[in-house]
There are 2 protein chains.
Amino acid sequence: MNQAAGQIWVQALQLQGAPAAPLDGLRFAVKNNIAVAGCSSGCGNPHWASSAPMELDHAPVVQRLLCAGASCSGTTWMDEFAFGLAGENPWGGSPINPTVEGGIVGGSSSGSAAAVAAGWVPAALGTDTGGSVRVPASWCGLWGWRPSHGLVPSSGVVPLAPSLDVVGLLCSRARVLEQMAAVMAGGFSPARPVRRLLVIPELWTLLDADAAPVLQALQAFLADQLGLELCSLPLSALGLANSDALLNGFCALQWAEIEIALAAIPPDLPVGPNLRANRGLVAERDRSHLPGAQRLRQRLSSALAEELVDAFLLQPVTPGIAPQRGSLALDRQRCRVIPRCLTLNALAGLAGVPEVVMPLAELGGAPLALGLLASRGQDAALLQAAVALEQCG
Amino acid sequence: MNQAAGQIWVQALQLQGAPAAPLDGLRFAVKNNIAVAGCSSGCGNPHWASSAPMELDHAPVVQRLLCAGASCSGTTWMDEFAFGLAGENPWGGSPINPTVEGGIVGGSSSGSAAAVAAGWVPAALGTDTGGSVRVPASWCGLWGWRPSHGLVPSSGVVPLAPSLDVVGLLCSRARVLEQMAAVMAGGFSPARPVRRLLVIPELWTLLDADAAPVLQALQAFLADQLGLELCSLPLSALGLANSDALLNGFCALQWAEIEIALAAIPPDLPVGPNLRANRGLVAERDRSHLPGAQRLRQRLSSALAEELVDAFLLQPVTPGIAPQRGSLALDRQRCRVIPRCLTLNALAGLAGVPEVVMPLAELGGAPLALGLLASRGQDAALLQAAVALEQCG
């Protein structure tokens, strides 16, 4: 199975779910930073994997899915220690994007995304700090769910930046996403009525030139399908001068927390170039930006909460289709694909609100997605909307 | 209500739960760092409260209890920004311990503990980073639950040290604790059989001289009641040289995360002396201790997980009964009540495992408690044991 699926699986398993339970017959994969009993949480680094203890208990989120009848098919490769949105792993764990010739999968939940996109499983667990479920969902044409922060149990999951980390889900079908999400969360708050569909124009300017018209054309269509009034929301209404302020605030917070997570990795552990570079970024980060970032987060969260009382927010998840493999190394200054992804994914992270990725378009045969956000705890409303759009699409 | 209950309530409310649901008729209070729609999350600081936005949504954990039929009676005072285990608030929000003449309540979930102990409500939500649910439960003679880390939704809760923070519960009855806990968590993993009851002798040496014999006498009794074999576990088996190593590891991690939370408090906000002192501690902390603390946490977590596969762990929660009001100011060097509390409460925090506080003894009429710990996700087993002990006691 490992060979044929192309660096998707760390370990193939057959953990049978409870018989005659609602998710009976459904199989799922698990990113290798989420505890599965009998496996080590290798986090995409084989040296770490061989020194880490074997997990004795499933993470509660895995246990919930098994108790609900779903079966676990294995653990999946990921970007090393969940650093990165590319899905390229220096230890031979880079999966292939089955939907875009020569394209990257996206990460850091790369193996989980590839396992679903290749048809091995209908669903896979990932983790998402700055886009690690949403970006690969977008590039692989999958439905993806980033839950309200703290809603799905993070117990037994290796932390990266705890105030931003969530366990999320990638699925080939929105209906399956909704079913499994309810089990993962242990139930949802009741869905509130929604009247408006917001778009933040500045964030749509981050799209690639070829993707922009395709996705922009969907705004009115989706508002119509959902029966919502399309409304424009300037970034300034969230207390943000521009999209760079959003990115910088996110990065200041993320790096402050990542510094703590990095201290858990032994300094003599062999690691790849990306992780080495990130260690450098952490070491040289300017701590003086943190208070400003915290205040930005507070302003943004409460302003967004007010806007989302009767609304969803629609926005891009990635600037466009999956980039070609190996193209990102020289990209930091040029196309800025990764910084644009981080910017587009920062709002849900900073505000702790849920986001669903919807693979509703394509460009030259490659998938393109949009993200739909709701207020904190309104995951059920969001997932219902996704199912409605899958049915009408 | 505010007057009569003596600085317990920030705001009295009457939020009716869903009718004819399982928790119908049960009332609960909410610590004022957990979102209740229509209130501001004032975190025990009136200046912060007046500048913070009104919450528009309940935290999902509050919403779950309301949907299950319980009603919310109000928000409660707390140690300022959840700093402190004493329950003494500089802004007039120090509740009175109704069970110990002249004694402090303990904190930081002080108002929640006092509301239950005074009989205003049968249950109250608190938060616990280093003992903020467990210490006041112990000093007020309440049943307390610190969940497995990440099991109860932390969404809508003001963070302090996210890798340690949990939302917990204080109740006058173990049976109510069990009922509400299941709702808060959205369901539990199945309980595994348990064979042994572990005690770590070094931690029992932290008890006050008068409390030690009372609590030690319970070891064999409780093992017998639960049908478990009493076994000794040295701290060295968890990779710890002594109890100071446990305390130091906990503090290094806690302060690293608290530094980030503190950056969210505007520097010009008026704050009390305790918070000012803690700001100083954070500013002067030695960052070089963090990698060692992270490795201690990893060692300890995996060693404890192995021990708890077939066992509970029994240990003190506080050194003894509630100290007198005002006695802690001079205490840091002398009796070291707070450092001993932190040490006793560090294991569950560092390992992310659940702990139940059981008010099973008393000393001169004042309550004394013991804590029971289980492996990650085994909250159901722990709560069942608490109910069994309540019934036999």
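Just so it is clear, the structure is predicted and the values come from calculations on it, not from any experiment.

Draft legend 1. Examining the packing of helix H8 (residues 243-262) of chain B against helix H9 (residues 273-283) of chain B more closely. Residue and element names in this part refer to chain B. Close contact between H8 and H9 brings their axes to 10 Å; oriented N to C, the two are set at 120°. When the interaxial angle is binned, H8 and H9 end up oblique. Seen along the crossing, H8 lies across H9 with a hand that is left-handed. Contacts between H8 and H9 involve Trp 255, Ile 258, Glu 259 and Leu 262 on the former and, on the latter, Arg 279, Leu 281 and Val 282. Split by residue class, the contact of H8 with H9 holds five nonpolar, no polar and two charged.

Draft legend 2. Broad picture of the sheet that holds strand S3 (residues 71-76) of chain A. Residues and elements named next belong to chain A. With mixed pairing, the 11 strands of this open sheet are ordered in space as S1-S3-S2-S4-S6-S5-S10-S11-S9-S7-S8. Strands with a single pairing partner mark the edges of an open sheet, and in this sheet they are strand S1 (9-15) and strand S8 (229-232). In this sheet, adjacent strand axes meet at a mean angle of 25° when their direction is disregarded. Across seven bridges, the pairing between strand S10 (residues 355-363) and strand S11 (residues 366-373) is antiparallel. Considered in S11, the bridge of Val 357 is made with Gly 371. Relative to the sheet, helix H12 (residues 379-392) contacts strand S5 (143-146), strand S9 (311-316), S10 and S11, its axis offset from that of S10 by approximately 25°.

Draft legend 3. The arrangement of the pairing of S11(A) in detail. Residues and elements named next belong to chain A. Of all eight residues in S11, seven are buried, a share of seventy percent or more. With four bridges joining them, S9 and S11 adopt antiparallel strand pairing. Its bridge partner being in S11, Leu 313 is matched across the sheet by Leu 373.

Draft legend 4. Summary view of the domain arrangement of chain A. All names here are of chain A. One can read the domain layout of chain A as domain 1 (9-185) and domain 2 (196-392). For domain 1 versus domain 2, the distance between C-alpha centres works out to 20 Å. Each partner contributes residues to the interface: domain 1 has 50 residues there, and domain 2 has 48 residues.

Draft legend 5. The arrangement of helix H10 (residues 290-307) of chain B in detail. For H10(B), with 18 residues, the first-to-last C-alpha span of 26 Å sits near the 26 Å given by 1.5 Å per residue. Within the span of H10(B), buried status applies to B:Leu290, B:Ala293, B:Gln294, B:Leu296, B:Arg297, B:Leu300, B:Leu304 and B:Ala305. Viewed along the axis of H10(B), the buried residues span an arc of 160°, placing them on a single side of the element. Along its buried surface, H10(B) packs onto helix H8 (243-262) of chain A together with H8 and helix H11 (337-351) of chain B.

What counts and how
Residues numbered from 1 in each chain as written. Chains lettered and ligands numbered in written order. Predicted model: local features only at pLDDT ≥ 70, side-chain atom pairs only at ≥ 80, totals over all residues. Axes fitted to C-alpha atoms, helices over the stretch in contact; angles between N-to-C directions. Helix = DSSP H or I, 4+ residues; strand = E, 2+ residues; numbered from the N terminus. Parallel < 35°, antiparallel > 145°, perpendicular 65-115°, else oblique. Left-handed = near helix turned anticlockwise from the far one by under 90°. Contact = placed C-beta atoms within 7 Å. Nonpolar A, V, L, I, M, F, W, Y, C, P; charged D, E, K, R; others polar. Pairing = 2+ DSSP bridges. Buried ≥ 20, exposed ≤ 12 C-beta atoms within 10 Å, placed from the backbone. Domains from an automatic or database assignment. Expected span 1.5 Å × (residues − 1). Arc of directions from axis to C-beta.

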